[in-house]
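Close look at the chain arrangement
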Amino acid sequence: MRIEGQAAVLNEAGREVEVEEVTVDDPGPGEVRVKLAASGVCHTDLTVKNLLGNGMAFPIVLGHEGAGYVEALGEGVTHLAVGDPVVLAYRAPCGQCPACQRGDPRHCYMALRPGQRIQRKRDGALCSQVLRCGTFSTYTVVHSKAAIKMPKEMPLDKACLIACGVVTGVGAAMNTTPVYAGARVAVIGCGGVGLSVIQGAKLQHARQIIAVDVSENKLKQALEFGATHTVNASAGDPVALVRALTEDGWDGGVEFAFEATGIPKCTEQAIKMLSYGGTATTIGFPAAEDAVTLNLGDMSTGVYWNKAGLRVSHCGDALPSHDFPLLAQLYLDGKLKLDEMVTTTITLNDVNEAFEAMHHGDVLRSVILF
Ligand SMILES: NC(=O)c1ccc[n+]([C@@H]2O[C@H](COP(=O)([O-])OP(=O)(O)OC[C@H]3O[C@@H](n4cnc5c(N)ncnc54)[C@H](O)[C@@H]3O)[C@@H](O)[C@H]2O)c1
Ligand SMILES: [Zn+2]
Ligand SMILES: [Zn+2]
């Protein structure tokens with residue numbers, strides 16, 4: 001039966017987020033309808049707004065860091081039951097693409113998506129769902145393989161963070177570019193994603209974890225999350241400052257540098273602060289025209305002479321069915337900080353304020369409670 005709810009919607013390019021009455025259809029075959037309990041507000045939601053929808057058709061239901069309870073099962077869904085607590089995965093592997101076919105689902109080319117099931121009630125307009133989720137909504141419909149069951153004892157207002165920020169950051173350091181024990185690591189940008197890279201690097205037993213940000217408050221938080229050193233990028237050239245902190249008689253630099261800002265210049269900095277043979281990983285969401293310049297020939301920081309590598313992380317190259325329960329267990333075992341990441345809890349009506357707060361240094365994650 002079609003049900004009614006509310007969602008935070010981008011109705012048109014350039015408009016603020018507006019709370020709309022919506023109707024949500026029954027799940028189709030292989031899908032589930034989920035009653036949201038909580039959703040984190042990730043910078044990517046703001047980026048979609050700033051990029052005027054980023055190619056998606058309006059109206060758009062924002063949100064992709066959600067957790068809730070299975071409320072209805074589509075035809076053929078047997079691995080979940082109504083009432084199961086779940087975290088929603090925006091990159092559940094498709095099983096069809098060349099990567100999935102060769103047995104490498106972490107590098108799936110695309111992800112399972114549901115049919116369009118959410119409509120704006122006042123005119124019946126079909127809504128797009130950001131990253132196949134649309135979690136700024138009291139109800140949403142996702143592919144059943146994108147609903148990952150959580151242990152009963154896992155609090156959903158913390159579990160939601162696993163869906164994007166945490167799995168992206170921890171996964172970047174564990175899956176995309178596995179940090180080895182004893183390595184030196186720099187993390188540029190210490191929001192929800194960057195702090196999770198720091199946690200991932202710590203879990204991988206990095207020797208030195210240098211947090212780089214422009215906000216003193218974020219740097220203070222980074223130390224709580226496992227950073228061993230901090231660099232304020234507004235106080236000087238972060239490349240020189242990171243190299244100075246890693247001086248070892250071999251020109252210094254880190255074996256792994258992660259960019260988690262979405263600013264192209266920070267990817268260039270990540271590449272330039274590598275030690276010989278190091279790898280930079282870019283995570284931030286780019287605009288179509290964003291570009292970086294790679295110097296090849298500089299003897300100390302050029303990509304050729306420094307034998308630098310560059311990788312891109314999408315959602316921490318996660319395999320949600322494996323990684324989400326693992327991250328939940330790490331939290332339950334006291335080895336992964338999630339409580340400390342939730343700086344403020346809000347309602348659906350406060351999404352614009354949560355976006356605004358991203359520009360100030362004091363909020364790590366705003367979490368919508370339903
Ligand atoms: N690739 C993926 O799968 C994926 C997943 C999630 C998020 N993202 C993207 O990752 C980025 C980070 O997301 P978030 O939610 O953590 O964002 P956020 O806004 O919470 O954090 C960004 C941080 O970067 C810092 N910063 C800004 N300018 C800086 C500079 N010049 N040098 C150093 N630090 C600077 C800010 O102070 C802030 O702490 C965004 O671009 C987001 O869209 C990508
Ligand atoms: Zn996100
Ligand atoms: Zn695939």
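Our structure's up above, just so we're on the same page.
Presented here is an overview of the structure given in this document. All values reported here derive from a predicted model rather than from experimental measurement. (Residues numbered from 1 in each chain as written. Chains lettered and ligands numbered in written order. Predicted model: local features only at pLDDT ≥ 70, side-chain atom pairs only at ≥ 80, totals over all residues. Heavy atoms only, no water.)

Note on the zinc ion (ligand 3): its protein donors are Cys94 (SG), Cys97 (SG), Cys100 (SG) and Cys108 (SG). The metal-donor distances range over 2.3 to 2.4 Å. Taken in sequence order, the residues that donate to the zinc ion (ligand 3) follow the motif C-x2-C-x2-C-x7-C. Taken as a pair, Cys97 in the loop between strand 6 (85-88) and helix 2 (98-101) and Cys108 in the loop between helix 2 and strand 7 (118-120) lie far apart in primary sequence, 11 residues in all. As far as burial versus exposure is concerned, Cys97 and Cys108 are alike and both buried. (Donors = N, O, S within 2.8 Å, 3.2 Å for Na, K, Ca; no water. Helix = DSSP H or I, 4+ residues; strand = E, 2+ residues; numbered from the N terminus. Buried < 20%, exposed > 50% of the residue type's maximum accessible area, 1.4 Å probe, protein only.)

The next subject is the packing of helix 4 (residues 165-176) against helix 5 (residues 192-203). Following both chains from N to C, one finds helix 4 and helix 5 inclined at 40°, their axes separated by 7 Å at the closest point. The angle between helix 4 and helix 5 falls in the class oblique. Considering how the two elements wind past one another, helix 4 and helix 5 form a crossing that is right-handed. The segment helix 4 lies against helix 5, with Gly165, Val166, Thr168, Gly169, Val170, Ala173 and Met174 engaging Gly192, Val193, Ser196, Val197, Gly200, Ala201 and Leu203. Among the residues forming the contact of helix 4 with helix 5, the class breakdown is 8 nonpolar, 6 polar and no charged. (Axes fitted to C-alpha atoms, helices over the stretch in contact; angles between N-to-C directions. Parallel < 35°, antiparallel > 145°, perpendicular 65-115°, else oblique. Left-handed = near helix turned anticlockwise from the far one by under 90°. Contact = heavy atoms within 4.5 Å. Nonpolar A, V, L, I, M, F, W, Y, C, P; charged D, E, K, R; others polar.)

Mapped onto the elements, Gln208 comes out in strand 12 (residues 208-213). Of the residues examined, Gln208 reaches a relative accessible area of 9% and is grouped as buried. Taking the C-alpha atoms as reference points, Gln208 and Ala186, separated by 22 residues in sequence, lie 8.2 Å from one another. Setting aside its immediate chain neighbours within four residues, Gln208 contacts Ala183, Arg184, Val185, Thr228, His229, Leu245 and Thr246. A polar side-chain atom of Gln208 sits 3.0 Å from the main-chain carbonyl oxygen of Leu245. (Polar contact = N/O pair within 3.5 Å; in protein donor to acceptor, adjacent residues only side chain to side chain.)

All chains considered together, the criterion is met by 2 aromatic pairs. When the centroid spacing of 5.3 Å and the interplanar angle of 70° are considered together, the rings of Tyr180 and Phe256 count as edge-to-face. Pair noted here: Tyr180 is in the loop between helix 4 and strand 11 (184-188) and Phe256 is in strand 14 (residues 254-259), with a separation of 76 residues, a long-range link. Among the residues examined, Phe256 registers a relative accessible area of 6% and is labelled buried. Ring geometry for Tyr304 versus Trp305: centroids 4.7 Å apart, planes at 90°, classification edge-to-face. (Phe/Tyr/Trp six-rings, centres within 6.5 Å; stacked < 30°, edge-to-face > 60°.)

Judged by pairing direction, the sheet is mixed, and its 5 strands sit side by side in the order 7-2-1-4-8 without closing on themselves. The open sheet has two edge strands with one neighbour each: strand 7 and strand 8 (128-129). Bridging between strand 1 (residues 3-10) and strand 4 (residues 60-61) involves 2 bridges; their strand directions are antiparallel. In the sheet register, Val9 faces strand 4, and the bridge partner there is Val61. (Pairing = 2+ DSSP bridges.)

In the vicinity of ligand 1 lie 29 residues, with His43, Thr44, Asp213, Ser313 and Cys315 positioned nearest. Contact between ligand 1 and Thr44: an oxygen atom at 2.7 Å from a side-chain N or O atom of the residue. Taking Asp213, its side chain carries an N or O atom lying 2.6 Å from an oxygen atom of ligand 1. Compared with its free state, where it exposes 860 Å², ligand 1 has 90% of that area covered by protein. Of all the elements in the fold, those that place two or more residues in the shell around ligand 1 are helix 1 (43-50) and helix 5. No other element matches helix 1, which puts 3 residues into the shell around ligand 1. Here the shell around ligand 1 is built from residues that sort into 14 nonpolar, 12 polar and 3 charged. Among the domains, domain 1 (3-163 + 337-369) and domain 2 (169-314) are the pair contributing at least three residues each to the shell around ligand 1. (Near = heavy atom within 4 Å. Areas by Shrake-Rupley, 256 points an atom, 1.4 Å probe, with all protein chains shown as cover. Domains from an automatic or database assignment.)

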